[in-house]
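Observations on chain architecture
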Amino acid sequence: MSAVDALIRRHRLRAIELLPWAIAIGAYFAFADYLSLGSQILIMILFALSLDLVLGYAGIVTLGHSAFFGVGAYAAGIYAVRVSGEPLSGLLVGAVAAAAVGWTSGLVILRTHGLTLLMLTLAVTALLAEAANKANFLTGGADGLQGVAIDPVFGVFRFDLFGRTAYLYCLVALFLAWLFARRLVHSSFGRSLVGIRENTARMHAIGSPVRRRLLTIYTISAALAGIAGALLAQTTQFVGLTVLGFQRSGEIVIMLVFGGIGRLYGAFIGAAAYMIAQDQLAKLEPEFWYFWIGLLLVLLVMFARGGILGLLDRVLRR
Amino acid sequence: MTPALQTIGLHKRFGALIVANDINFRLDAGARHALIGPNGAGKTTFVNLITGRLAPSAGRIMLGGDDITALPQAARVRRGLGRTFQINTLFRGLSVLENVSLAITEHTRHGGDMLRPIRVRRPELERGHALLERLGIADDALVPVRELPYGKQRLVEIAIALGLEPCVLLLDEPAAGVPSAESAIILDVIEQLPPDIAVLIIEHDMDLVFRFARRITVLVQGSVLIEGTPAEIAADPRVREVYLGEGHHG
């Protein structure tokens, strides 16, 4: 096989990539009592996936990704309360609102690098959180946005108490987002993002419009994070200030590090592992579960750089 | 004839320090030109000014007769200005073929293509592979660049620049740090560059300079000391004194 064929082959869809979807469908039947947790996991996978595009692929180190998640959640929630409970248009509203914030903040933030960029991402999140807190009339302030009522999907599939519709709704949304993200990272655009991550100076020197590419992926990532936030608002029918919190930004980075950044599937493994570990540890040790999460993270960073996927890689290569 | 590249009164200062002092320079189409000078003469600064990495304090830069002084780096590249770096500036985690393909897809304006899979870029990949064959590194096409020996990494530097199909190529010390056995390969590659490319080489290795260049410019403390043929440069006492050091050694 020629080198060109071998390179093209690396980008083809492999059977193993369908495994998460088989597991997700299997989980729907096998863990019918845990579908609410399942929906939360799917939402966090989508959120982590959006982060992976900017952090893992483009190398934009951010601690403020919850800004877009929160904006998406609030936009979809407010839309449901004030305009329409139709869920798909609600997702679109969440995506567009988050993309608008991503594009606007990206125009400023992406002119900076390193620590300055990191601080600015934090600042944007803090500003939005405070704005949501103050805009009591619109967001419900510290009490949260109440009365979010969502219509049946396509006018047929009502959101039920057991979370079946919510789970499948989130699963389809995640699947479509994954298809899009996968196509993106395996396109010329996606490879150019990796080039920017690897060596920005050289990308400038080969004529790449680096800032435009970064702004594009930042906006796309914000839109996907906004969809994740909108899904949370629609499936829980509530939006609280925590969606814009620093803790959520930190957690999503931890989930991605758990799974492995810049691999697309690190988001799947990391978010699922983190959420399940959190659920189980919180049951076992309601007061100290964060300690175990912290310990796990320390062990992973020390002994399994590249996260769970990196560890699997090394084991399989032996 | 319109020069491929020209600088007119190019000037750059950092505070009180002048690093490029009223440089008037001309590179004709298809030229084989060398820029030499002692350490700190401002050679790399000159390249950075031409490529747009640095903004000049005064003066103009013309590429193919067009004023490119105000253009950003990427726009200059798209107009046919290619360069290599003195210190390897590669995509170290990517394979050799991917390194070159990135340059080629940017050159063909497909770098921003989001939705079509990489297999539709086969023509660019084939072109990249052919380029690697020409440079003798096709066997390493799938090897991550960071795993290559230094000499081959220098060839990848050149391959990336050639992937842009430049009309002007600036080679910043292409053989720097390369063992002499491997530098011969690099020199062969440079000598076989397409004749329509105007090449400016910055180099400390005088054997390489005198073998390659048909014209040489000597830069000292940010100013052009002299420009001429290799024979004229070799015979000039000022060059011997400031660059070759003969004035000091008798």
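1. Some words on the overall build of chain A
A tally of helices and strands in chain A yields 15 helices and 0 strands. Here the C-alpha coordinates of chain A stretch approximately 60 × 45 × 40 Å along the principal axes. A burial count over chain A gives 49% of its 318 residues as buried. At a minimum sequence separation of 6, the contacts of chain A that also span at least 24 residues come to 77%.

2. A few points about the overall build of chain B
Counting secondary structure elements, chain B contains 10 helices and 10 strands. When the backbone C-alpha atoms are referred to their principal axes, chain B occupies close to 60 × 40 × 35 Å. Here chain B holds 250 residues, and 48% of them are scored as buried. Counting only contacts in chain B whose residues sit at least 6 apart along the sequence, the fraction spanning at least 24 positions is 65%.

3. A word on the pairing of strand β8 (residues 198-202) of chain B
All names here are of chain B. Of all the 5 residues making up β8, 5 are buried; the element is thus mostly covered by neighbouring parts of the structure. By the alternation rule, side chains of β8 split into A198, L200 and I202 and V199 and I201, which are all buried. Strand direction decides the pairing type here: strand β7 (residues 168-172) and β8, joined by 5 bridges, are parallel. Across the sheet, the residue bridging to V168 is A198, located in β8.

4. A closer look at unusual backbone geometry
Residues and elements named next belong to chain B. For E165, which is not a glycine, the phi torsion comes out positive at approximately 45°. Within the element layout of this structure, E165 appears in the loop between α5 (150-163) and β7. With 18 C-beta atoms counted inside 10 Å, the residue E165 sits in the partly exposed group. The backbone of E173 sits at a positive phi, close to 45°, despite the residue not being glycine. Here E173 shows up in the loop between β7 and α6 (180-191). The buried category is assigned to E173, around which 21 C-beta atoms lie within 10 Å.

5. A word on the sheet that holds β7 of chain B
Residues and elements named next belong to chain B. With mixed pairing, the 6 strands of this open sheet are ordered in space as β6-β7-β8-β3-β9-β10. Edge positions in the open sheet fall to β6 (81-83) and β10 (223-228), since each of these has one partner strand only. Going from strand to strand, the sheet's axes swing by 20° on average, the running direction of each strand aside. Where β6 and β7 come together, 3 bridges link them in parallel fashion. Along β7, the bridge assignment pairs R83 with L170.

6. Let's talk about the interface of chain B and chain A
Between chain B and chain A, the contact holds 38 residues from the first and 27 residues from the second. Elements with a contribution of two residues or more to the side of chain B that touches chain A: α2 (73-78), α3 (96-107) and α4 (122-135) of chain B. Class assignment for the residues of the side of chain B that touches chain A results in 17 nonpolar, 10 polar and 11 charged.

7. What to know about the environment of A70 of chain B
Position of A70 of chain B among the secondary structure elements: in the loop between β5 (66-67) and α2. Taking the C-alpha atoms as reference points, A70 of chain B and K43 of chain B, 27 residues apart in sequence, are found 21 Å from one another.

8. Overview of the sheet that holds strand β4 (residues 58-63) of chain B
Residue and element names in this part refer to chain B. Reading across from one edge, β2-β1-β4-β5 is the order of the 4 strands in this open sheet, with antiparallel pairing throughout. Only two strands of the sheet have a single neighbouring strand rather than two, namely β2 (17-27) and β5. Here β4 pairs with β5 via 2 bridges, running antiparallel. By the bridge assignment for β5, M62 is matched with D67.

9. Some details on the confidence of the model for chain B
All names here are of chain B. For chain B, per-residue confidence averages 91 on the pLDDT scale, and residues scoring 70 or more make up 97% of the total. Mean pLDDT per element in chain B: helix α10 (residues 246-249) is the minimum at 44, and α3 is the maximum at 97. Across residues 246-250 the pLDDT falls below 50, and counting only partners more than four positions away or on other chains, this stretch makes 4 contacts in the model. Here the prediction assigns the complex a pTM of 0.92, and the interface score ipTM is 0.90.

10. Notes on the environment of G147 of chain A
Structurally, G147 of chain A can be placed in the loop between α7 (136-139) and α8 (164-185). Along the chain, G147 of chain A and L55 of chain A lie 92 residues apart, while their C-alpha atoms are 35 Å from each other.

11. Describing the confidence of the model for chain A
Confidence in the prediction of chain A, expressed as mean pLDDT, is 94, and 100% of residues score 70 or more. Within chain A, helix α14 (residues 289-303) of chain A has the poorest average pLDDT of any element, 86, and helix α5 (residues 87-109) of chain A the best, 98.

12. Description of the packing of helix α13 (residues 266-284) of chain A against helix α15 (residues 307-317) of chain A
Residue and element names in this part refer to chain A. Where α13 contacts α15, the two axes come as close as 8 Å, and the packing angle between them is 115°. Note on element contacts: α15 touches α13 through G307, I308 and L309, opposite G266, I269, G270 and A273. In terms of residue class, the contact of α13 with α15 is built from 4 nonpolar, 3 polar and no charged.

13. Things to note about the packing of α8 of chain A against helix α11 (residues 210-236) of chain A
Packed helix pairs are specified by the crossing angle of their axes together with the interaxial distance, meaning the distance between the axes. Residues and elements named next belong to chain A. At a minimum axis distance of 11 Å, the contact between α8 and α11 shows a crossing angle of 175°. Between α8 and α11, the crossing angle belongs to the class labelled roughly antiparallel. Every residue of α11 that contacts α8 at A166, C170, A173 and A177 is listed here: L224, I227, L231 and T235.

14. Details of the pairing of β2 of chain B
All names here are of chain B. Judged from the 7 bridges that link them, strand β1 (residues 5-14) and β2 form a sheet pairing that is antiparallel. What sits directly across from R13, in β2, is I18. In textbook terms, the turn of a hairpin is the stretch between consecutive antiparallel strands, and for β1 and β2 this stretch comprises 2 residues, one of which, G15, has a positive phi near 65°.

Each value, and the rule that gives it
Residue indices begin from 1 for each chain and proceed along its sequence in written order. Chains and ligands are labelled by the order in which they are written, letters from A for the one and numbers from 1 for the other. Side-chain atom pairs in this predicted model are given and counted only at pLDDT of 80 or more, local residue features only at pLDDT of at least 70, and totals for whole chains, interfaces and linings cover all residues. The numbering of helices and of strands both runs from the N terminus, where a helix is a DSSP run of H or I of at least 4 residues and a strand a run of E of at least 2. Three exposure classes are used, all based on how many other C-beta atoms lie within 10 Å of a residue's own C-beta (placed from the backbone): buried at 20 or more, exposed at 12 or fewer, and partly exposed between those limits. Two residues qualify as being in contact provided that their C-beta atoms, derived from the backbone, are within 7 Å of each other. Should DSSP find at least two bridges between two strands, the strands are taken to pair. Between the N-to-C directions of two axes lies an angle of 0 to 180 degrees, each axis being a line fitted to C-alpha atoms and, for a helix, fitted only over the stretch in contact. Charged means Asp, Glu, Lys or Arg here, nonpolar means Ala, Val, Leu, Ile, Met, Phe, Trp, Tyr, Cys or Pro, and polar covers whatever is left, Gly included. Confidence scores labelled pLDDT are given residue by residue by the predictor and lie between 0 and 100. By the definition adopted for this analysis, an angle is roughly parallel if under 35 degrees, roughly antiparallel if over 145, roughly perpendicular if from 65 to 115, and oblique otherwise.

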